[in-house]
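Residue-level structure breakdown
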Amino acid sequence: MVKQEKRRSHAKGSGLKITEFPGGPFGFELVARFCYNNGSIVISPSNICLLHCSAILLEMTEEVSTCNLLRQTEGFMDGLLHWTWNDILTALKSCEVFFSAADSCGLLQKLISSLLAKISANSEQPILSATPFPSSSSSSSSPDTYGFRCSSFAKTPEPMKPCSNSDWWFDDLTVFAPNTIEKIMKTLGAYGTDNRNLVLTRFLLHYLKTAVRKPCSTGGSGNLGCCKEEYGGLSDTAVHGVVLMQRTAFSCRGLFWVLRVVSELGISKECRHKLERPIGLMLDQATLDDLLVSGHDGAAYDVNLVLRLVRTFASTEEDGVAVQRMKKVGRLIDKYLGEISPDQSLQISKFLEVAESLPDSARDCFDGIYRALEIYLESHPTLSTEERTRLCRCLNYEKLTLEACKDLAKNKRIPPGVAVQALASQQSEMQIRSSMAEASQTPRRVARTTATAAEGVSPELLDEEQQLRLNLQRTQCRVKELEKVCRNMKGQIAKMAKGKSKSHGSRGMPRLC
């Protein structure tokens, strides 16, 4: 009984386990069919790589048997130069399951060399020659043409014919895994910092654009960790090629597109810094849509990115060169601030950081900042008085228009102290302007009186004098109006202070308007 039980248990537990067999059970089954079919099997581009690697692993050479599997696969590979384009793609794709085995035996290198030879033979320009990018003026027409042209057709027709487009093969190679593309780039000597090839840079951007829509092969639905591990090297390689050309090949919009793609697939800090610098230098060419980049960890906006770009731009404009460029960026940041203000996750510190990222000289008017502040206060109704007062520090009251200053004084969300300060600053600014206007008018009046007395009154001079007087009267009326509003504000504050001292049970300071 014991002996029989031992035999049964031994029979149940018996088996042969071969680890790292090329292709797994399917590869072993193919070899078994070859053996049980008297050394005969149909070899095709779809199974040649698997059979060849299996034959090498099992040492199925002529020393064991004549016309063995290894000899047959080598004979089939001798006709590699006569394979069609699709045959090479099929064979190379099949190697991804047993990539290490195919690479170690040199099979992968042979297929890649044949692939590159096909590309060069069917292109007007060799793949290793650097061709100029299209001009940046033609790169803003559509999202698919941000500084380069992307392949627009699906499969290369057979039989292949020489093609005028250098990117005819882009779409066909998007089916390969990242490690296969890395092997191709390394074969061409254009991987990492060695990438100085414009055609290959365009291909990588097209490949990464397609990869963004795919799930990561090792991590389900494409989490950032596995994507960075798989595509990080290719993203850095593409960035090196982009930075090499910068403004000569890419528009500002195109660089933002590249940043979006490589950020989703993973990029090193060094390469991110290299890519952000040319974007920052061209920030005056950006649009609001360009700045609306999604943040990390599900954030709606990447505010830190915009701050880094603004600092880069501001650091190059400190010498006072191109004031109009600085003002253009100022208007852009005002729009951006108004767009992100409703975001509930936007902190006060970040709002102030964006608003104060540029000097006051970048804005002729602070109405845009005030509108963004108004939206932020409306979207964040639970802010305390101290927090609202802190937010208002980003306003330059002297650069607010009269209409904006009136609206600020009536705004219930603006602390009363801030409103009084804004009105006082506006009144002081108007008085200074009025004094300057009067001072500039005095010499002209004297000269005009003398000329009139000597030569008679000219209608043109009278018209000009009347216009100047009218403008001065308007300015004085505005000053008086602001003084009146300021006096009313001070009177209301005094009344509230008296009422508070009489009644200690009051709820607090009432709204002024």
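Structure first, text after, so check above.
For clarity, every value in this text was computed on a predicted model and none was experimentally measured.

Criteria and thresholds
- Residues numbered from 1 in each chain as written.
- Predicted model: local features only at pLDDT ≥ 70, side-chain atom pairs only at ≥ 80, totals over all residues.
- Heavy atoms only, no water.
- Helix = DSSP H or I, 4+ residues; strand = E, 2+ residues; numbered from the N terminus.
- Buried < 20%, exposed > 50% of the residue type's maximum accessible area, 1.4 Å probe, protein only.
- Contact = heavy atoms within 4.5 Å.
- Salt bridge = Lys/Arg side-chain N within 4 Å of Asp/Glu carboxyl O.
- Arc of directions from axis to C-beta.
- Expected span 1.5 Å × (residues − 1).

**Here we look at the overall build of the protein chain**
Scanning the protein chain from terminus to terminus reveals 22 helices and zero strands. Going through the 513 residues of the protein chain one by one, you find that 44% of them count as buried. Within the protein chain, counting contacts between residues at least 6 apart in sequence, those at least 24 apart form 72% of the total.

**A short note on the environment of Ile-119**
Its location among the elements puts Ile-119 in helix 7 (residues 107-121). Separated by 50 residues in sequence, Ile-119 and Trp-169 place their C-alpha atoms 7.2 Å apart. Leaving out residues up to four positions away in the same chain, Ile-119 has contacts with Trp-85, Ile-127, Trp-168 and Trp-169.

**Examining the pattern of salt bridges**
This structure, assessed with the given rule, holds 14 salt bridges. Between Glu-29 and Arg-33 there is a salt bridge, with the nearest N and O atoms lying 2.8 Å from each other. One end of the pair, Glu-29, and the other, Arg-33, are both in helix 2 (residues 24-36), four residues apart, so they sit about a helical turn from each other. Residues Arg-325 and Asp-284 are paired through a salt bridge, measuring 2.9 Å at the closest nitrogen-oxygen approach. Taken together, the residues Arg-325 in helix 16 (residues 323-340) and Asp-284 in the loop between helix 13 (269-281) and helix 14 (288-291) connect sequence positions 41 residues apart. Note on Asp-284: relative accessible area 11%, which makes it buried.

**Section: unusual backbone geometry**
It is generally the case that most residues other than glycine have a negative phi and that most peptide bonds are trans. Positive phi is not limited to glycine here, since Glu-59 has a value of about 55 degrees. Along the chain, Glu-59 falls in the loop between helix 3 (48-57) and helix 4 (69-77). You can call Glu-59 exposed: its relative accessible area is 58%.

**Looking at helix 17 (residues 348-355)**
Within helix 17, the full set of buried residues consists of Ile-348, Phe-351, Leu-352, Val-354 and Ala-355. What you see down the axis of helix 17 is that its buried residues fit within an arc of 160 degrees, all on one side. The inward-facing, buried residues of helix 17 abut helix 15 (303-316), helix 16, helix 18 (367-379) and helix 19 (385-391).

**Concerning helix 12 (residues 252-265)**
One turn of the α-helix equals 3.6 residues, which is why residues spaced by three or four share an orientation. With 14 residues, helix 12 extends 21 Å between its outermost C-alpha atoms, agreeing within 8% with the 20 Å of an ideal straight helix rising 1.5 Å per residue. Where burial is concerned, most of helix 12 is hidden: 11 out of the 14 residues are buried. Taken residue by residue, helix 12 has Cys-252, Gly-254, Leu-255, Phe-256, Trp-257, Val-258, Leu-259, Val-261, Val-262, Ser-263 and Leu-265 as its buried positions.

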